[in-house]
Amino acid sequence: MAAAMASVARPMSETRLTARCTIYCDWLVSLIIATGVVFAWRGAWNICDSLLLPQQPLWSAAARLIGGSVLFVVACVIQPSLAAWARHHERTRCLWLVDALYTYLSFWVSMLTWNGVWYIYDQVVGIGLAPAPPDWAHARQGAISHALGLLLLGSLGALRNSVAAPMVISSDAVAPIFGAGVTAGGGTW
């Protein structure tokens, strides 16, 4: 019993304390990055809601999906050329700028695709946006939210977190994200 009490009373080693603080800081930064992503997406979504054919919600949703699809094709077509260019400019500052611009294009691919599919579904089931005139005040607030989100993500070096499907796809065929082996009657990963 005395040995158990002594181990409880011992202070945590500096290494363990540092490791624990690092984990907690990582969690905090993850939540801050998530906030930046939400601000960026919310702002872009609100800009589209306010200005992109708000009088015709179904056509607005279709325009978003088509726009996202066209930008997806553009991103896919230019990616090999950008990758070749980047190999020759690995140590230049303009590489970061080109990467940030490609990430921003990818953000719009993701947001417009999600937004278009979401609102087309809403319109089909009868719960979508009602026709409305353009709302410049709402668009202005959306632009502020979008800019704040991008500023936060950019300052943390986390712009790529703003990108989602179809630009970023992950397969469940690889080992589980938790790092543990899984058996479900079909073997172990």
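Conventions and cut-offs
By convention here, each chain's residues receive numbers from 1 onward along its written sequence. Two thresholds apply to this predicted model, a pLDDT of at least 70 for residue-level local features and 80 or more for giving and counting side-chain atom pairs, whereas whole-chain, interface and lining totals are computed over all residues. Side-chain figures throughout are based on the complete set of non-hydrogen atoms in the structure, without hydrogens or water. Geometry of aromatic contacts follows a simple scheme: Phe, Tyr and Trp rings, the Trp one being its six-membered ring, pair when their centres are within 6.5 Å, and the pair is stacked under 30 degrees between planes, edge-to-face over 60, tilted otherwise. Helix and strand labels come from DSSP, where a helix needs a run of H or I of at least four residues and a strand needs a run of E of at least two; each type is numbered from the N terminus. Throughout this description, the term salt bridge denotes a Lys or Arg side-chain nitrogen within 4 Å of a carboxyl oxygen of Asp or Glu. Throughout, exposure labels follow a simple rule: accessible area from a 1.4 Å probe, protein chains only, divided by the maximum for the residue type, with under 20% read as buried, over 50% as exposed, and the rest as partly exposed. Working definition of a nonpolar core: buried Ala, Val, Leu, Ile, Met, Phe, Trp, Tyr and Cys residues. They are joined through side-chain atoms within 4.5 Å. Contacts were defined at the residue level, with two residues in contact if any of their heavy atoms lie within 4.5 Å. Polar contacts here mean pairs of N or O atoms no more than 3.5 Å apart (in protein, one a potential hydrogen donor and the other a potential acceptor; neighbouring residues in sequence count only if both atoms are side-chain atoms). Every residue carries a pLDDT, the predictor's confidence in it, which falls somewhere between 0 and 100.

(A) Quick look at the packing of aromatic side chains. One pass over the full model with this rule turns up eight aromatic pairs. Consider the rings of W41 and F107, whose centres lie 5.9 Å apart with planes at 85°: the pair is edge-to-face. In this pair, W41 sits in helix α2 (residues 14-51) while F107 sits in helix α4 (residues 93-125), placing the two residues 66 residues apart along the sequence. A connected cluster of aromatic rings, assembled from ring pairs, spans W41, Y104, F107, W108 and W114.

(B) How the structure looks around the pattern of salt bridges. Enumeration over the complete set of coordinates arrives at two salt bridges. The salt bridge partner of R64 is D49, with a shortest N-O separation of 2.9 Å. Here the residue R64 occupies a position in helix α3 (residues 57-88), and D49 occupies one in helix α2, the gap between them amounting to 15 residues. One exposure class covers both R64 and D49, and it is buried.

(C) Geometry of the nonpolar core. W41, F107, W108, M111 and L153 are the most contacted members of the largest nonpolar core, which totals 19 residues. Counting only elements with at least two residues in this core, the list comes to α2, α4 and α5 (136-155). For this core, the leading source of residues is α2, giving seven residues. Sequence-distant contacts of L153, that is, excluding residues within four places in its chain, are made with I33, G36, V37, A158, L159 and S162.

(D) Spotlight on the environment of S162. The residue S162 is located in the segment after α5 in this model. Expressed as a C-alpha distance, the spacing of S162 and L150, which sit twelve residues apart in the sequence, is 8.5 Å. Contact partners of S162, with chain neighbours within four places excluded, come to V37, W41, T103, F107 and L153. At a separation of 2.8 Å, a polar atom in the side chain of S162 contacts the main-chain carbonyl oxygen of L159.

(E) Representation of the confidence of the model for the protein in the model. Averaged over every residue, the pLDDT of the protein is 87; the share at 70 or more is 85%. The secondary-structure element of the protein with the lowest mean pLDDT is helix α1 (residues 2-9), recorded at 51, while α5 shows the highest, at 98. Below pLDDT 50 for its whole length, residues 182-189 participates in eleven contacts with residues either more than four positions away or in separate chains.

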